[in-house]
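Observations on the three-dimensional arrangement
Here is what each chain is made of, one letter per residue.
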Amino acid sequence: MKIDVLHIAKLANLPLSKEEIEKYQKQLSSILEYIEKLKKAKTDNIIETSQVTNLENVTKKDEPTPSLSQNEAIANSNNTQNGSFKVKAIFE
(Lines give C-alpha, C1' and ligand atoms only; values in the text may rest on other atoms or scores of the structure.)
Protein backbone atom coordinates (compact mmCIF):
# COMPACT_ATOMS: atom_id res chain seq x y z
CA MET A 1 0.00 0.00 0.00
CA LYS A 2 1.59 3.24 -1.15
CA ILE A 3 1.19 6.27 1.06
CA ASP A 4 2.26 9.76 0.08
CA VAL A 5 4.12 10.64 3.27
CA LEU A 6 5.35 13.92 1.79
CA HIS A 7 1.77 15.02 1.13
CA ILE A 8 0.72 14.14 4.68
CA ALA A 9 3.78 15.93 6.09
CA LYS A 10 2.97 19.02 4.03
CA LEU A 11 -0.62 19.02 5.31
CA ALA A 12 0.70 18.76 8.88
CA ASN A 13 3.42 21.35 8.21
CA LEU A 14 6.14 18.88 9.23
CA PRO A 15 9.60 19.07 7.70
CA LEU A 16 10.89 15.50 7.25
CA SER A 17 14.30 14.11 6.40
CA LYS A 18 14.67 11.30 3.84
CA GLU A 19 15.21 8.83 6.67
CA GLU A 20 12.02 9.97 8.39
CA ILE A 21 10.04 9.68 5.15
CA GLU A 22 11.15 6.06 4.74
CA LYS A 23 10.48 5.30 8.40
CA TYR A 24 6.98 6.79 8.34
CA GLN A 25 6.21 5.16 4.99
CA LYS A 26 6.82 1.75 6.57
CA GLN A 27 4.94 2.60 9.77
CA LEU A 28 1.88 4.03 8.03
CA SER A 29 1.75 1.11 5.61
CA SER A 30 1.85 -1.30 8.52
CA ILE A 31 -0.94 0.55 10.32
CA LEU A 32 -3.15 0.61 7.23
CA GLU A 33 -2.54 -3.09 6.57
CA TYR A 34 -3.66 -3.85 10.14
CA ILE A 35 -6.79 -1.75 9.65
CA GLU A 36 -7.59 -3.78 6.53
CA LYS A 37 -7.32 -6.96 8.64
CA LEU A 38 -9.67 -5.47 11.23
CA LYS A 39 -12.20 -4.61 8.51
CA LYS A 40 -12.44 -8.33 7.68
CA ALA A 41 -13.51 -9.24 11.23
CA LYS A 42 -17.13 -10.34 11.38
CA THR A 43 -18.91 -7.88 13.66
CA ASP A 44 -22.48 -8.12 12.36
CA ASN A 45 -23.87 -9.61 15.58
CA ILE A 46 -21.77 -7.48 17.93
CA ILE A 47 -23.49 -4.67 19.80
CA GLU A 48 -21.61 -1.39 19.61
CA THR A 49 -20.32 -0.10 22.92
CA SER A 50 -18.96 3.21 24.08
CA GLN A 51 -17.79 1.86 27.44
CA VAL A 52 -17.75 -1.51 29.13
CA THR A 53 -17.98 -0.88 32.87
CA ASN A 54 -21.70 0.00 32.99
CA LEU A 55 -20.85 2.87 35.31
CA GLU A 56 -22.92 6.02 35.03
CA ASN A 57 -22.04 9.58 35.89
CA VAL A 58 -23.18 10.37 39.38
CA THR A 59 -24.07 13.99 39.77
CA LYS A 60 -25.96 16.01 42.26
CA LYS A 61 -28.48 18.70 41.53
CA ASP A 62 -26.84 22.05 40.92
CA GLU A 63 -28.33 24.30 43.55
CA PRO A 64 -27.09 27.78 44.43
CA THR A 65 -25.75 28.10 47.96
CA PRO A 66 -24.43 31.08 49.90
CA SER A 67 -20.78 31.83 49.24
CA LEU A 68 -18.12 33.88 50.96
CA SER A 69 -18.30 37.63 50.91
CA GLN A 70 -15.40 39.42 49.25
CA ASN A 71 -13.90 40.33 52.63
CA GLU A 72 -14.22 36.74 53.89
CA ALA A 73 -12.58 35.42 50.73
CA ILE A 74 -9.47 37.60 51.06
CA ALA A 75 -9.31 37.52 54.87
CA ASN A 76 -6.41 35.02 55.04
CA SER A 77 -4.45 36.34 52.06
CA ASN A 78 -1.13 38.11 52.58
CA ASN A 79 -1.34 39.98 49.29
CA THR A 80 -4.42 42.07 48.68
CA GLN A 81 -5.04 45.34 46.95
CA ASN A 82 -8.28 47.33 46.88
CA GLY A 83 -10.30 44.37 48.15
CA SER A 84 -8.90 41.86 45.62
CA PHE A 85 -6.17 39.22 45.59
CA LYS A 86 -2.84 40.60 44.42
CA VAL A 87 -0.80 38.20 42.29
CA LYS A 88 2.40 38.43 40.29
CA ALA A 89 1.92 39.39 36.66
CA ILE A 90 2.19 36.52 34.21
CA PHE A 91 2.59 38.76 31.14
CA GLU A 92 5.09 41.52 30.77
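Here is what the cut-offs are and how they apply
- Residues numbered from 1 in each chain as written.
- Predicted model: local features only at pLDDT ≥ 70, side-chain atom pairs only at ≥ 80, totals over all residues.
- Heavy atoms only, no water.
- Helix = DSSP H or I, 4+ residues; strand = E, 2+ residues; numbered from the N terminus.
- Areas by Shrake-Rupley, 256 points an atom, 1.4 Å probe, with all protein chains shown as cover.
- pLDDT = per-residue confidence, 0-100.
- Salt bridge = Lys/Arg side-chain N within 4 Å of Asp/Glu carboxyl O.

This part is about the overall build of the protein chain. When its secondary structure is counted, the protein chain shows three helices and two strands. Scanning the protein chain from its N terminus toward the C terminus, one meets helices and strands in the order α-α-α-β-β. Projected onto the principal axes, the alpha-carbon positions of the protein chain cover approximately 70 × 45 × 20 Å. Accessible surface for the protein chain amounts to roughly 9800 Å². Of this, 53% is attributable to carbon and sulfur atoms.

The next thing to look at is the environment of Asp62. Here Asp62 is to be found in the loop between helix 2 (18-39) and helix 3 (70-74). Taking the C-alpha atoms as reference points, Asp62 and Tyr34, 28 residues apart in sequence, are found 46 Å from one another.

Before going further, it helps to examine the confidence of the model for the protein chain. Overall, the predicted model of the protein chain reaches an average pLDDT of 89, with 97% of residues at or above 70. By mean pLDDT, helix 1 (residues 5-11) is the weakest element of the protein chain at 89, and helix 3 is the strongest at 93.

What follows covers the pattern of salt bridges. Per the counting criterion, the structure on display carries one salt bridge. Linking Glu36 and Lys39 is a salt bridge whose minimum nitrogen-to-oxygen distance equals 3.3 Å. Highlighted residues: Glu36 and Lys39, both in helix 2, separated by three residues, approximately one helical turn.

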